[in-house]
Structure formats: C-alpha cells, structure tokens
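Listed here are the chains, written in short residue letters.
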Amino acid sequence: PPPPPRRGPARAAHLARSTPAAAKAASPPQPPPAVSATRDAPVVQLLCDKGATVDKARDDGVTSLFIASQKGHDECARIVCKNGASPDLAGGDFVSPLLMASRRGHADVVRVLCDAGAQVDLADADGATPLLIATFMDHTEVVSVLCNAGANVGLAQHPSFTPLILACTRGH
C-alpha cells in the first residue's frame, strides 16, 4: 500500500480511517503493558499501589496511559496519571495520549489528560494537533474541552489549514 499522506486534509482523513483492526493486522501481538488499561479501575489502582511502573511501554512504545486514552477508560487514565504517568509520552506511531483520545472522541479522557498537564498543542510528526483532529472528526465536546484548556485555535498544520478552515470546509 502507498505510504500515508504527510500533510493537510489527506493526512487528517488518513488518521480518521485508522482502525484498531488495521493496526492489529499490521503488527504482531504484544504483551500487555505493566498496568492493565481495562475498565477494571480498582485493579489498576491496586497494581499502581503495589509499585507498577506506569510509564513502562511495550516494544512498540505503547504505554498504559496511551491504551486507556485510546479505549476511553477515563478512570484508568486518572489513576495512572495520579501515579506519575507522563501525559505527553508518545505511544504507537509517535502519537500522544491526548491526540489519541481526541481522535477517538473521548472527552472525559481529554479532560483527565488536560488536568494532568498534557500539552494541548503538542502535534504529531506531521503537525496535526489534538484540536485539528477533534475538529476533523466533529467531536464537538472534545473541541470544547481543548479550547477551555487553552488550545491555540489559530495553530495551523500548514499555513492555510487551521481548525476553523477545516470546520467550515467540512460543514461542522
């Protein structure tokens, strides 16, 4: 298959089409991270209380916080952040937990990450910010959370591609 687009609306569309099934098919199975990122938050708390390394990553760079962000497990994210997880530590494909939660529309996780000090304008390698991705995906609540957390609404992925231009283009 051709490489993914590097910039602009095509990149945002590519990110939107990314699916867990496609990612799973492209990579071999990985062992779970040090702390389970399931909905069973009491287990996550117990593991943290017993000294689990919250920023320990799998071979592909994925951490417990990244998985909790991807899956929308806000209480798990809150617990691992409270226990010292770095909210900006990039996971798979060098994407931050905040960008992943924004892409998936997990507003409660976005709140947790913002409260934990995540950099709201931290872009991926292609310049896409959490606000730009949430705007593209029409995740209105996530856009609101990011704006209230101080996201720069004028930050462009490239000179003519801002969240406002994207929202107007897509009719959001």
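In the block above lies the structure referred to throughout.
Now for a look at the structure at hand. This is a predicted model, so every value here is computed, not measured.

Basis of the calculations
Along each chain, numbering runs from 1 in the same order as the chain's sequence is written. Totals for whole chains, interfaces and linings use every residue, but because this is a predicted model, local features are given only for residues with pLDDT of at least 70 and side-chain atom pairs only at 80 or more, for both listing and counting. Remark: hydrogens and water are excluded; side-chain values derive from all non-hydrogen atoms of the structure. Secondary structure elements follow DSSP: runs of H or I of four or more residues count as helices, runs of E of two or more count as strands, with numbering from the N terminus. For the exposure calls, accessible area comes from a 1.4 Å probe over protein chains only, and a residue counts as buried if that area is under 20% of its type's maximum, exposed if over 50%, partly exposed in between. Here a polar contact means two N or O atoms within 3.5 Å. Within protein one must be a hydrogen donor candidate and the other an acceptor candidate, and residues neighboring in sequence count only if both atoms are side-chain atoms. Among buried residues, the Ala, Val, Leu, Ile, Met, Phe, Trp, Tyr and Cys ones that are joined through side-chain atoms within 4.5 Å form a nonpolar core. Contacts: residue pairs with any heavy atoms within 4.5 Å of one another. Between the N-to-C directions of two axes lies an angle of 0 to 180 degrees, each axis being a line fitted to C-alpha atoms and, for a helix, fitted only over the stretch in contact. Should an angle lie under 35 degrees it is considered roughly parallel, over 145 roughly antiparallel, and from 65 to 115 roughly perpendicular; all remaining angles are considered oblique. Two helices crossing with the near one rotated counterclockwise from the far one by less than a right angle form a left-handed crossing, whereas a clockwise rotation gives a right-handed crossing. Under the convention adopted here, Pro, Cys and the residues Ala, Val, Leu, Ile, Met, Phe, Trp and Tyr are nonpolar, Asp, Glu, Lys and Arg are charged, and Gly plus all remaining residues are polar. Any two rings among Phe, Tyr and Trp, with Trp reduced to its six-membered ring, count as a pair given centres within 6.5 Å; such a pair is stacked if its planes are under 30 degrees apart, edge-to-face if over 60, and tilted if neither. Put simply, a charge is over a ring when the Lys NZ or the Arg CZ is close to the ring centre, within 6 Å, and near the line of the ring normal, within 35 degrees. Basic side-chain nitrogens of Lys or Arg form a salt bridge, by our definition, when they fall within 4 Å of a carboxyl oxygen of Asp or Glu.

Digging into unusual backbone geometry
- Phi at Asp 138 is positive, roughly 60°, even though this residue is not glycine.
- Tracing the backbone through its elements, the reader meets Asp 138 in the loop between α8 (130-136) and α9 (140-148).

Concerning the side chain of Asp 124
- When you line up the elements, Asp 124 lands in the loop between α7 (107-115) and α8.
- Residue Asp 124 is classed as buried on the basis of its relative accessible area, which comes to 10%.
- Polar contacts involving the side chain of Asp 124 include one to the main-chain amide nitrogen of Asp 126, which spans 2.9 Å.

Some words on helix α6 (residues 97-104)
- Across the eight residues of α6, seven count as buried, placing the element largely inside the fold.
- Among the residues making up α6, those that are buried are Pro 97, Leu 98, Leu 99, Met 100, Ala 101, Ser 102 and Arg 103.
- Phi turns positive, to about 80°, at Gly 105, one or two residues after α6.

A word on the nonpolar core
- With 28 residues, the main nonpolar core has Leu 65, Val 80, Leu 98, Val 110, Leu 113 and Leu 146 as its most contacted residues.
- Those elements giving two or more residues to this core turn out to be α3 (41-49), α4 (64-71), α5 (74-82), α6, α7, α8 and α9.
- The dominant element in this core, judged by the number of residues it contributes, is α7, at six residues.
- Ignoring sequence-local partners within four residues, the contact set of Leu 113 consists of Leu 65, Ser 69, Cys 81, Pro 87, Pro 97, Leu 98, Ala 101 and Ala 118.
- Listed in part, the twelve residues of the second largest apolar core include Val 95, Leu 99, Ile 133 and Phe 136.

What to know about the packing of α7 against α9
- With their axes 9 Å apart at the nearest point, α7 and α9 run at an angle of 15° to one another. As the angle between them shows, α7 and α9 are arranged roughly parallel. The way α7 lies across α9 gives a crossing that is right-handed. For the pair α7 and α9, contact is made by Ala 107, Val 110, Arg 111 and Cys 114 and by Glu 141, Val 142, Val 145 and Leu 146, respectively.
- Among the residues forming the contact of α7 with α9, the class breakdown is six nonpolar, no polar and two charged.

Side note on the environment of His 172
- Within the secondary structure, His 172 is located in the segment after α10 (163-170).
- Classification of His 172 by relative accessible area gives partly exposed; the value is 41%.
- Measuring from C-alpha to C-alpha, the distance between His 172 and Thr 135 comes to 8.0 Å, with 37 residues separating the pair along the chain.

Regarding the packing of aromatic side chains
- Within the structure shown, the criterion is met by zero aromatic pairs.
- Here the basic side chain of Arg 170 rests over the ring of Phe 136, its NZ or CZ set 4.0 Å away from the ring centre.

Examining the pattern of salt bridges
- A full pass over the atoms with the stated rule returns five salt bridges.
- Linking Arg 78 and Asp 74 is a salt bridge whose minimum nitrogen-to-oxygen distance equals 4.0 Å. Of this pair, Arg 78 and Asp 74 both sit in helix α5, four residues apart, which is roughly one turn of the helix.
- Assessed through its relative accessible area of 38%, Arg 78 is described here as partly exposed.
- A residue is classified by how much of its surface remains accessible, and Asp 74, at 25% relative accessible area, is partly exposed.
- In this structure, Arg 111 and Asp 108 form a salt bridge, with 2.8 Å as the shortest nitrogen-oxygen distance.

So, to be careful, I would describe these as geometric facts and stop short of saying anything about function.
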